[in-house]
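In case you want the letters, here they are:
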Amino acid sequence: MAQIRDVAQRAGVSPATVSRAFSDPAKLSKDTLARVLAAATDLKYKPSSLAQLFREKRTNTVLVMVPDIANVFFARVVSGIERGAVESKLNLVVSDTGDDMDIERVGIEMVQTYRADGLIQLGERPLNELLPNEEHAQIPFVQAISADPRGAYPTVGIDDRSSSAMMARHLIAQGHRRIGVIAGLQNRLVTQERLKGIKDAIADAGLDFDDTIVEYAPYSMGGGEQAAQRLLSRARHLTALFCMSDEIAIGAIRAAHDLGYDLPGDLSISGFDNIEFGKYCTPPLTTVMQPAEKIGEVAMALMSDMLTGQDMPVVHEMLPTELVIRSSVQNICGE
């Protein structure tokens, strides 16, 4: 879709002149108006009536793009964003994008056409992938959870690599040497970073990492169950599973029970996220706590600062994580 700057470039005028051609054409000369309208026609540009409506005032609305609102962790982050929005007297519009780039680009367009003041992205897709000429894009954008800290916009999340290394070291300290991995989707930055952390811990322990005992799956209970069935059916020698999310781990626990494993006697299972359901598994889930609600609150605070025009540097917030030890991981050092 052609943008106002495209029309301005084609007509040889400023974006403000293009805006004036549609909002107050009497202020332009006939020649300038004709050039702008001709350029708009050539480019099939359609001005937004909402842009005209909100030109002098804000919508006080922030769009939040979520890859999967049914995922408990994402829902907790949105809860934190909502709390921050209430404090900042901002409204929220939540879009469940299904990790679809086209839907996410519609979200970018909402901000560009003044239907929302800013955008918080909970998915992995960065601004320069959604909007290749991001250096020219004057839109308030914050990326939370899994974000590349080298982006030219604020981000907030955790250190996935060091956090997963912390869990892997715990498994090794409990005597586990044959550790299988149920990772998330293979092309995700968060998956790659957490896998690096596991490899760091295994290398530090003087062990070799076995790529054949890694299974990739969606970050969901169903994905974890299916991946665990595949992995455990071919690798009965494993003593522990490192699961890259609690939902994956809960699915893996179901699969292990179905395959006749005694947990944690035959197999230890760990998760990542510390969602509420993990406490009620059988056995209760050892996991990594990442502060979901706090991530949301910080993301909204960064957005609020941007919308109030504060002259702030681009910041990349890394929040702390903690190891939560429960009974799903057994110490086998004496075996």
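Quick caveat: nothing in here was measured; it's all calculated off a predicted structure.

Caption draft 1: Highlighting the environment of Ser 162. Its location among the elements puts Ser 162 in helix H8 (residues 160-173). Ser 162 gets classed as partly exposed once you look at its relative accessible area, which sits at 40%. Spatially, the C-alpha atoms of Ser 162 and Ala 40 are 51 Å apart, while their sequence positions differ by 122 residues.

Caption draft 2: Broad picture of the pairing of strand S4 (residues 141-145). For S4, a buried count of five out of five residues is recorded, marking the element as mostly surrounded by other parts of the structure. In this structure, strand S3 (residues 118-121) lies alongside S4, joined through three bridges in parallel fashion. Each residue of the ladder has a partner; that of Leu 119, found in S4, is Phe 141.

Caption draft 3: Representation of the sheet that holds strand S6 (residues 179-183) within the structure. With parallel pairing, the four strands of this open sheet are ordered in space as S7-S6-S8-S9. Both outer strands of the open sheet, strand S7 (214-216) and strand S9 (268-270), are each paired with one neighbouring strand and no more. Taken pair by pair, the neighbouring strands of this sheet meet at an average axis angle of 15°, ignoring direction. Taken together, the three bridges between strand S8 (residues 240-243) and S9 define a ladder with parallel strand orientation. Considered in S9, the bridge of Leu 241 is made with Ile 269. Sheet strands in contact with H8 are S6, S8 and S9, and its direction is about 170° off that of S8. The sheet strands contacting helix H10 (residues 221-234) are S6, S7 and S8, and the helix crosses S7 at an angle near 155°.

Caption draft 4: Structural view of the sheet that holds strand S1 (residues 61-66). Spatial strand order, S2-S1-S3-S4-S5-S11: six strands in an open sheet with parallel pairing. One side of each edge strand has no neighbouring strand; the edge strands of this open sheet are strand S2 (91-96) and strand S11 (316-318). Sheet twist, expressed as the average angle between the axes of neighbouring strands with direction ignored, equals 15°. Summarising the sheet, S1 and S3 pair through four bridges and their orientation is parallel. Its bridge partner being in S3, Val 64 is matched across the sheet by Ile 120. Here helix H12 (residues 292-307) sits on the sheet and contacts S1, S2, S3, S4, strand S5 (155-157) and S11; the angle it forms with S4, its principal contact strand, is near 170°.

Thresholds, definitions, all that
Residues numbered from 1 in each chain as written. Predicted model: local features only at pLDDT ≥ 70, side-chain atom pairs only at ≥ 80, totals over all residues. Heavy atoms only, no water. Helix = DSSP H or I, 4+ residues; strand = E, 2+ residues; numbered from the N terminus. Buried < 20%, exposed > 50% of the residue type's maximum accessible area, 1.4 Å probe, protein only. Pairing = 2+ DSSP bridges. Axes fitted to C-alpha atoms, helices over the stretch in contact; angles between N-to-C directions. Contact = heavy atoms within 4.5 Å.

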